[in-house]
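Here are the chains, one letter per residue:
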Amino acid sequence: MANSHPLVDRGAAVSLTGQDLHLSFGDNHVLRGVDIHVEAGTTTTVIGPSGSGKSTLLRVLNRLHEPQQGDILIDGRSVLKDDPDQLRRRIGMVFQQFNLFPHRTVAQNVELGPRKLLGLDKDEARALAIAQLESVGLAHKADARPSTLSGGQQQRVAIARALAMHPQIMFFDEATSALDPELVKGVLALMTDLSEQGMTMIVVTHEMGYARDVSDHVVFMDEGMVVETGAPEQIFTDARSDRLKTFLSQIL
Ligand SMILES: Nc1ncnc2c1ncn2[C@@H]1O[C@H](COP(=O)(O)OP(=O)(O)OP(=O)(O)O)[C@@H](O)[C@H]1O
Ligand SMILES: [Mg+2]
């Protein structure tokens, strides 16, 4: 997406590590010892069949669910004893459903977090929101209601909203899955820009083009475990495990 506004302007990038993460819901052992390491300023895509634990992994990494075993580290330091809200502020999340407030304008949606959580006053928050909307090409929609925007535009607002909190890390969970095919491109272009600008990102996606061409690292999960991980070339042209080969043959 051609624009002159940097999406990432928040100091040095950080690394994120999950070590031996376990989570059960009752007797459903959903994460069974997951290891993941995202180098500072790189993008890792997480692929795998439905129910393999991809969304749960993201929710454990930002402690929406507390892991029952294992550790989470940012730049090599455990964050499990930190205030979880503080951790969540460092991680921006974008979901399949945009979850914008329908009765607020686009700009108000972006302003809310910075006003409440970063303590910005009205004018500061408005200026930040406009700048952030400009960076996703939507400043002209600042005073519109979300419902008057296309799905792709709404998702770009959701990305602007997450970026307005100046996160150090971004998580995307199937961010393009609910979009009409013609709208996917704009959102993927924005995610590509973010990757290229050196944001540390974990992207759960079915978009194999993005996984192959944009991400630095691919993690294949099945049944709550990381079955295979590697550079995109290796995952897509030299898969080792039968499970990954089968998965790729079904989706490519
Ligand atoms: N809040 C929850 N309570 C109970 N079980 C849950 C909860 N969230 C997820 N699960 C279970 O955890 C398992 C993994 O779910 P998860 O949503 O992480 O899979 P996924 O890989 O993201 O799948 P999809 O590709 O369909 O989004 C499933 O068996 C699911 O039913
Ligand atoms: Mg999911």
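Residues numbered from 1 in each chain as written. Chains lettered and ligands numbered in written order. Predicted model: local features only at pLDDT ≥ 70, side-chain atom pairs only at ≥ 80, totals over all residues. Heavy atoms only, no water.

Side note on the site of ligand 1
1) Next: Ligand 1 sits among 13 residues. The nearest are Ser50, Gly51, Lys54, Ser55 and Thr56.
2) Next: Within the contact set of ligand 1, an oxygen atom lies 2.6 Å away from a side-chain nitrogen or oxygen of Ser50.
3) Next: In this structure, Gly53 approaches ligand 1 through a main-chain N or O atom, which is 3.0 Å from an oxygen atom.
4) Next: Against a free-state accessible area of 640 Å², the protein chains account for coverage of 62% of ligand 1.
5) Next: For the shell around ligand 1, the leading source of residues is helix α1 (residues 54-61), giving 4 residues.
6) Next: Taken together, the residues of the shell around ligand 1 sort by class into 3 nonpolar, 7 polar and 3 charged. (Near = heavy atom within 4 Å. Polar contact = N/O pair within 3.5 Å; in protein donor to acceptor, adjacent residues only side chain to side chain. Areas by Shrake-Rupley, 256 points an atom, 1.4 Å probe, with all protein chains shown as cover. Helix = DSSP H or I, 4+ residues; strand = E, 2+ residues; numbered from the N terminus. Nonpolar A, V, L, I, M, F, W, Y, C, P; charged D, E, K, R; others polar.)

Things to note about the side chain of Gln154
1) Next: Structurally, Gln154 is set in helix α5 (residues 151-164).
2) Next: Side-chain polar atoms of Gln154 contact the backbone oxygen of Pro146, separated by 3.3 Å.
3) Next: Not counting residues up to four positions away in its chain, the partners in contact with Gln154 are Phe98, Leu100, Pro146, Ser147 and Leu149. (Contact = heavy atoms within 4.5 Å.)

Quick word on the sheet that holds strand β2 (residues 28-38)
1) Next: Strand order in the open sheet formed by 4 strands is β2-β1-β4-β5, and the pairing between neighbours is antiparallel. Each edge of the sheet is formed by a strand with only one pairing partner; in this case those strands are β2 and β5 (77-78).
2) Next: Against the sheet, α1 contacts β1 (16-25), β2 and β4 (69-74), and its axis sits at roughly 115° relative to β1. (Pairing = 2+ DSSP bridges. Axes fitted to C-alpha atoms, helices over the stretch in contact; angles between N-to-C directions.)

Structural notes on the nonpolar core
1) Next: In terms of nonpolar packing, the biggest core is built from 35 residues, with Leu133, Met170 and Phe172 touching the most fellow members.
2) Next: Elements that contribute at least two residues to this core include exactly α3 (106-117), α4 (122-135), α5, β7 (169-173), α6 (181-196) and β8 (200-204).
3) Next: Take this core: its biggest share by element is 7 residues, from α5.
4) Next: In this structure, Phe172 is in contact with Leu58, Val94, Ile159, Met191, Leu194, Met201, Ile202, Val203 and Val204, ignoring residues within four places of it in sequence. (Core = buried A, V, L, I, M, F, W, Y, C linked by side-chain atoms within 4.5 Å. Buried < 20%, exposed > 50% of the residue type's maximum accessible area, 1.4 Å probe, protein only.)

Overview of the UniProt feature "domain: ABC transporter" (unreviewed entry) in the chain
1) Next: Sequence positions flagged by UniProt for "domain: ABC transporter" (unreviewed entry) are, in local numbering, residues 16-248.
2) Next: Taken end to end, residues 16-248 has its terminal C-alpha atoms 27 Å apart, with 39% of it in helix and 26% in strand. (UniProt positions renumbered as here; feature names shortened; annotations may be inferred.)

A look at the packing of aromatic side chains
1) Next: Counted by the stated rule, this structure contains 1 aromatic pair.
2) Next: Centre to centre, the rings of Phe220 and Phe247 are 5.3 Å apart; their planes meet at 35°, and the pair counts as tilted. Highlighted residues: Phe220 in strand β9 (residues 217-222) and Phe247 in helix α9 (residues 242-251), separated in sequence by 27 residues.
3) Next: For Phe247, a relative accessible area of 8% translates into the label buried.
4) Next: Against the face of Phe101 rests Arg104, its NZ or CZ located 5.9 Å from the ring centre.
5) Next: Sitting over the ring of Phe236, Arg212 keeps its end group 5.5 Å from the ring centre. (Phe/Tyr/Trp six-rings, centres within 6.5 Å; stacked < 30°, edge-to-face > 60°. Lys NZ or Arg CZ within 6 Å of the ring centre and 35° of its normal.)

A few points about the sheet that holds strand β3 (residues 43-47)
Pairing between the strands of a sheet comes from backbone hydrogen bonds, and it takes one of two forms, parallel or antiparallel.
1) Next: Read from one edge to the other, the open sheet built from 6 strands follows the order β6-β7-β8-β3-β9-β10, with strand pairing classed as mixed. Each edge of the open sheet is held by one strand with a lone partner, namely β6 (91-94) and β10 (225-230). Taking each pair of neighbouring strands and ignoring which way they run, the sheet shows an average axis angle of 20°.
2) Next: Relative to β7, β6 runs parallel, the two sharing 4 bridges. Bridge pairing links Val94 to Phe172 in β7.
3) Next: α1 contacts β3, β6, β7, β8 and β9 of the sheet and is inclined by roughly 155° relative to β7.
4) Next: Across the sheet, α6 touches β3, β7 and β8, and the angle it forms with β8 is around 145°.

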